[in-house]
Amino acid sequence: MAAILVFSERDDIAWQLLGKAAELGREMGLGVAAAALGSADPGGYANRGAQKVYISKNEQLKTFEASVYAEALSQVAKQADAAVILIGSTRRGKELAGRLAQKLGAGCISDAGSLEVKDGRLVCTRNALGGATVATQTITTELQVIAVSPGLGEPIESPETAEMVEVELALKPSAVKVIARSEKGQGAVDIEGAEVLVCVGKGFTRQEDLKMAEELAEVLGGLVACTKPLATDEKWLPEDRVIGLSGKSGKPNLAICLGISGQVQFTVGIRDAKTIVAVNQDPNAFIWQMADYGIVGDLYEVVPRLTAALKG
Ligand SMILES: Cc1cc2nc3c(=O)[nH]c(=O)nc-3n(C[C@H](O)[C@H](O)[C@H](O)COP(=O)(O)OP(=O)(O)OC[C@H]3O[C@@H](n4cnc5c(N)ncnc54)[C@H](O)[C@@H]3O)c2cc1C
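Residues numbered from 1 in each chain as written. Predicted model: local features only at pLDDT ≥ 70, side-chain atom pairs only at ≥ 80, totals over all residues.

K.L.:
Which parts of the structure should I look at to understand the overall build of the protein chain?
P.N.:
Along the protein chain, the regular secondary structure elements total 7 helices and 15 strands. At 21 Å, the protein chain has a C-alpha radius of gyration in line with the 20 Å of a compact globule built from 312 residues. Here the C-alpha coordinates of the protein chain stretch approximately 60 × 50 × 40 Å along the principal axes. Each of the 312 residues in the protein chain was classed as buried or not, and the buried ones make up 43%. For the protein chain, contacts bridging at least 24 residues in sequence account for 63% of all contacts bridging at least 6. (Helix = DSSP H or I, 4+ residues; strand = E, 2+ residues; numbered from the N terminus. Rg over C-alpha atoms; globule rule 2.2 N^0.38 Å. Buried ≥ 20, exposed ≤ 12 C-beta atoms within 10 Å, placed from the backbone. Contact = placed C-beta atoms within 7 Å.)

K.L.:
Honestly, the sheet that holds strand β2 (residues 31-35) in this entry has me stumped. Any pointers?
P.N.:
The strands making up a sheet are joined through hydrogen bonds of the backbone, oriented either antiparallel or parallel. Taken together, 7 strands build an open sheet; the order of strands is β5-β9-β4-β1-β2-β3-β10 and the sheet is parallel. Each end of this open sheet is capped by a strand with a single partner; those strands are β5 (107-112) and β10 (163-166). The sheet shows a mean angle of 20 degrees between the axes of neighbouring strands, taken without regard to direction. Strand direction decides the pairing type here: strand β4 (residues 82-88) and strand β9 (residues 144-148), joined by 5 bridges, are parallel. By the bridge assignment for β9, I87 is matched with A147. Most of the contacts of helix α2 (residues 66-80) go to strand β1 (residues 3-7), to which it runs at about 155 degrees, and overall it touches β1, β2, β3 (52-55) and β4. (Pairing = 2+ DSSP bridges. Axes fitted to C-alpha atoms, helices over the stretch in contact; angles between N-to-C directions.)

K.L.:
Would you mind going over the nonpolar core with me for this structure?
P.N.:
Nonpolar side chains tend toward joint burial in soluble globular proteins. L5, V6, L18, A34, L86 and I146 are the most contacted members of the largest nonpolar core, which totals 55 residues. It is α2 that contributes the most residues to this core, 8 residues altogether. Once you skip the residues sitting within four places of it in the chain, I146 turns out to touch V84, L86, I109, A112, L115, L122 and C124. L197, C199, F204 and A273 belong to the second largest nonpolar core, which has 37 residues in total. (Core = buried A, V, L, I, M, F, W, Y, C linked by C-beta atoms within 7 Å.)

K.L.:
Help me out: how do you make sense of the environment of T205 in this one?
P.N.:
Mapped onto the elements of the fold, T205 is located in the loop between β11 (196-200) and α4 (210-220). For T205, a count of 10 C-beta atoms within 10 Å translates into the label exposed. Sequence separation between T205 and G49 is 156 residues; the distance between their C-alpha atoms is 49 Å.

K.L.:
Is there a simple way to think about the domain arrangement of the protein chain in this case?
P.N.:
Frequently, the measure chosen for interface size is the accessible area that the parts lose on association. As assigned here, the protein chain comprises domain 1 (3-166) and domain 2 (191-311). Residue-level contacts link 7 residues of domain 1 with 7 residues of domain 2. Residues of the side of domain 1 that touches domain 2, tallied by class, amount to 2 nonpolar, 5 polar and no charged. (Domains from an automatic or database assignment. Nonpolar A, V, L, I, M, F, W, Y, C, P; charged D, E, K, R; others polar.)

K.L.:
What exactly am I supposed to notice about the site of the ligand here?
P.N.:
Contacts to the ligand come from 26 residues, most closely from G201, G203, T227, G244 and S261. Of all the secondary structure elements, the ones that give two or more residues to the shell around the ligand are α5 (228-233), α6 (264-267), β14 (275-280) and α7 (299-311). Per-class residue counts for the shell around the ligand are 10 nonpolar, 12 polar and 4 charged. (Near = placed C-beta within 6 Å.)

K.L.:
Sorry, what's going on with unusual backbone geometry here?
P.N.:
Peptide bonds are, in most cases, trans, and in most cases residues other than glycine have a negative phi. For D81, which is not glycine, the phi torsion reads 55 degrees and is therefore positive. With respect to the helices and strands, D81 occurs in the loop between α2 and β4. Non-glycine residue K235 carries a positive phi angle of around 60 degrees. Along the chain, K235 turns up in the loop between α5 and β13 (254-258). Since 10 C-beta atoms lie within 10 Å of it, K235 is described here as exposed.

K.L.:
In this structure, what is going on with the environment of L86? I would like to understand it.
P.N.:
Topologically, L86 is positioned in strand β4. For L86 and N127, which are 41 residues apart along the polypeptide, the C-alpha to C-alpha distance reads 18 Å. L86 has contacts with I4, V6, L17, A21, I146 and V148, leaving out every residue within four places of it along the chain.

What follows is the structure, given as structure tokens:
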């Protein structure tokens with residue numbers, strides 16, 4: 001039976017995708033398989049909705065290198081009789097999706113923000129024109145490779161236990177030589193998975209004032225994220241905190257935007273938030289076009305009062 005094959009170098013994203021693949025597979029009459037290549041927890045894939053989980057002991061998969069993984073996945077895809085390949089649209093995943101599609105002669109879409117079946121075909125939406133609009137796209141080749149934005153599916157607990165299939169892969173040594181690796185800074189956080197984001201912008205005039213936002217985030221159990229200028233121009237926060245076109249996207253329950261004008265390159269990263277609250281002193285700022293609630297006022301007055309009120 002042809003299948004939807006799922007892969008992400010991050011297990012949590014692969015499990016989300018398996019939840020989505022189980023739903024799509026039922027609608028399209030396809031089986032569901034996972035490639036747990038390089039995973040430290042292949043057993044964790046057993047009850048996530050796949051009928052088969054492909055694993056490999058190949059040494060070359062110990063570290064992620066896109067060209068090697070593309071070759072490995074192309075071999076697994078053939079074995080799994082994949083009709084659709086879903087990949088987590090992380091930075092690595094996007095590169096991998098393109099390389100894999102090229103190898104398999106398949107059409108490819110990256111950063112798919114939604115995925116549904118219409119007339120038997122998969123239809124995706126993704127941001128276009130710098131986030132100013134949303135394009136609806138389908139792949140016309142028989143085999144489809146789609147890199148799906150993290151957070152699209154929900155992991156499931158399936159009563160059915162997948163068959164573990166160990167594959168022998170013929171992989172050439174990588175043409176890329178890794179000279180050095182360095183750990184991400186200690187402050188690295190997962191803003192994509194956060195339930196609450198307190199986003200800060202240029203309405204803040206000094207780096208030390210960001211403490212106000214950190215306190216608010218702490219009370220709400222959230223994380224501080226920022227607009228691009230705060231990370232790239234001011235260097236007040238690391239670049240992995242940037243929300244938007246050149247940064248990350250989140251799907252938080254709550255996004256609080258403090259001193260942010262609401263340019264589309266930023267808002268594209270939080271437009272899937274369930275509730276958006278803004279504080280801005282400009283009554284005509286773009287952010288009001290998408291805020292559910294807001295306070296027109298000086299954040300230096302509003303934020304400490306908001307935090308104090310929440311502390312009760
Ligand atoms: C190709 C490209 C990619 C980009 N990618 C990104 C991206 O990924 N993410 C991103 O964020 N930007 C990105 N940008 C930049 C983007 O266009 C905006 O310039 C940026 O988002 C603006 O950041 P800001 O809202 O913090 O600053 P500003 O636009 O300067 O807005 C500051 C806001 O703070 C308000 N304010 C000032 N003082 C106070 C106060 N005391 N109290 C309350 N409100 C106050 C002002 O009224 C204003 O609305 C990109 C741009 C380009 C060209």
